[in-house]
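# Geometric and topological summary
Next come the chains, spelled out residue by residue.
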Amino acid sequence: MKYLILLGDGMADWPLPDYDNRTPLEIAHTPAIDDVVSRGVTGQFCPIPDGLPAGSDIGNLSMFGYDPGAAFRGRAPIEAANQGIHLADNQVAFRCNLVTLEDGVMKNFTADHISTEEAEEIIAVLNDTLGKEFPVKFHTGVSYRHCAVVDASEASTLDNMVRMACEPPHNISDKEVAPWLPKGDGSAMIHQMIARSQEVMADLPVNQRRIAEGKLPATSAWFWGQGKAPEMESYADRFGLTGAVISAVDLVMGIGVCAGLDVIKVPGATGWIDTNYEGKVQAGLKALDDHDFVYIHLEAPDETAHQGRADLKIQAIEDFDARIVAPCLEYLDSHPDLRILVAPDHFTTIETKTHAGGPVPFALCGKGITPDDNTAYSERIAATTDVLIEKGHTLVERMLRDSVMLF
Ligand SMILES: [Zn+2]
């Protein structure tokens, strides 16, 4: 049997007062996802375990069938895996943002979306200076998003590094950063690295050019999201399956790498509503020829909700339905030895413009799935069923392991 997961990031939402208290999934015209329910089942599951933050890292780990409580070791090591960085046992990976601070305030957590080429110049300078003064090596990522690997001399230092409280810079926009510097044992070195980065980045030619072009300079490194290499058994060992992942998002591709899956890069996959839907679905269905499992991730519903744009989120869901789910259902008609699961990884609400936990709806159809009586997909309909899978990752685990799924 083969398995296909179609993931609409942040697709679940709360009722919108401006739309008769309907959710974007209820407002959007989604005949294909409704058809998945008609052919199969719907219900609720919890991709975000209680007590963990409602992040895409946690939610997507569940959607790959891993218990985030056991597997999650921070966001940076997952991104590092995607960059081909292998962490030794005594190493901790941090996400290193290039940011713009102005008078000690987090003016811009992306350094005004600095280009990768410009960032490369800065990362080289950081390696020539901080890299020689501290046990750290910087790796260039994309735009403002980079990786810093810190060597810990002793196990206690390693544990301190992992436990340190580091604030994501996107949470402190326009705030004074001093109260948000890393806290905990061992944080003094990170404070020194941040201060030193500001010295070496001041007056760099790349920053002078940016200022001349009317752009913000990158004035500081900011460290967060740290952790050791995640403890994840590969799909081959865990399920005896080969697999592939298709996404525009580093984090999701990184989980795929950690799970031993092939990462398929699709040109024009942007993470926005203009993404290459057809390219992603073609690559995904082609991958099913020689893989057992394929994960197609669509970021647009999440991004549009972060902007608070109900209209764009509805459009993103309709595009997901017509351009991703519909062709996959057609594929199922000619390849019946297949299961298709459609789901989000968490709520991203128009009301708050951010993520939220709680049970989200899934739709599952295909081989060995006995249909229930439902014929449409929404938060409300899923909540009327008596299916609530509290350990969200077990939904995928069961889909991949069991020949018969009883709900
Ligand atoms: Zn997400």
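Residues numbered from 1 in each chain as written. Predicted model: local features only at pLDDT ≥ 70, side-chain atom pairs only at ≥ 80, totals over all residues.

### Re the sheet that holds strand β11 (residues 338–343)
As summarised here, the arrangement of the eight strands in space is β9-β8-β10-β1-β11-β14-β2-β15, forming an open sheet in which the pairing is mixed. Bordering the open sheet on either side are β9 (262–263) and β15 (388–389), each of which pairs with just one other strand. Sheet topology note: the strand β1 (residues 2–8)/strand β10 (residues 293–298) ladder contains six bridges and is parallel. By the bridge assignment for β10, Leu4 is matched with Val294. Running over the sheet, helix α13 (residues 277–290) touches β1, β8 (243–246) and β10 and is turned about 170° from β10. The strands touched by helix α15 (residues 310–334) are β1, β10, β11 and β14 (360–366); relative to β1, the strand with the most contacts, the crossing angle is about 170°. (Pairing = 2+ DSSP bridges. Helix = DSSP H or I, 4+ residues; strand = E, 2+ residues; numbered from the N terminus. Contact = placed C-beta atoms within 7 Å. Axes fitted to C-alpha atoms, helices over the stretch in contact; angles between N-to-C directions.)

### Quick notes on the domain arrangement of the chain
Annotation of the chain at the domain level lists domain 1 (2–72 + 232–401) and domain 2 (81–227). Between the C-alpha centres of domain 1 and domain 2 there is a distance of 32 Å. (Domains from an automatic or database assignment.)

### Focus: the pairing of β10
Within β10, six of the six residues are buried, which leaves the element mostly enclosed by the surrounding structure. Neither face of β10 is open: one carries Phe293, Tyr295 and His297, the other Val294, Ile296 and Leu298, and all of them are buried. Inspection of the sheet shows β8 paired to β10 by four bridges, in the parallel sense. Residue pairing in the sheet places Gly243 in a bridge with Phe293 of β10. (Buried ≥ 20, exposed ≤ 12 C-beta atoms within 10 Å, placed from the backbone.)

### Considering helix α2 (residues 31–39)
Residues of α2 that are buried: Ala32, Ile33, Asp34, Asp35, Val36 and Val37. Here the buried face of α2 lies against β2 (41–45), α15, β11 and β14.

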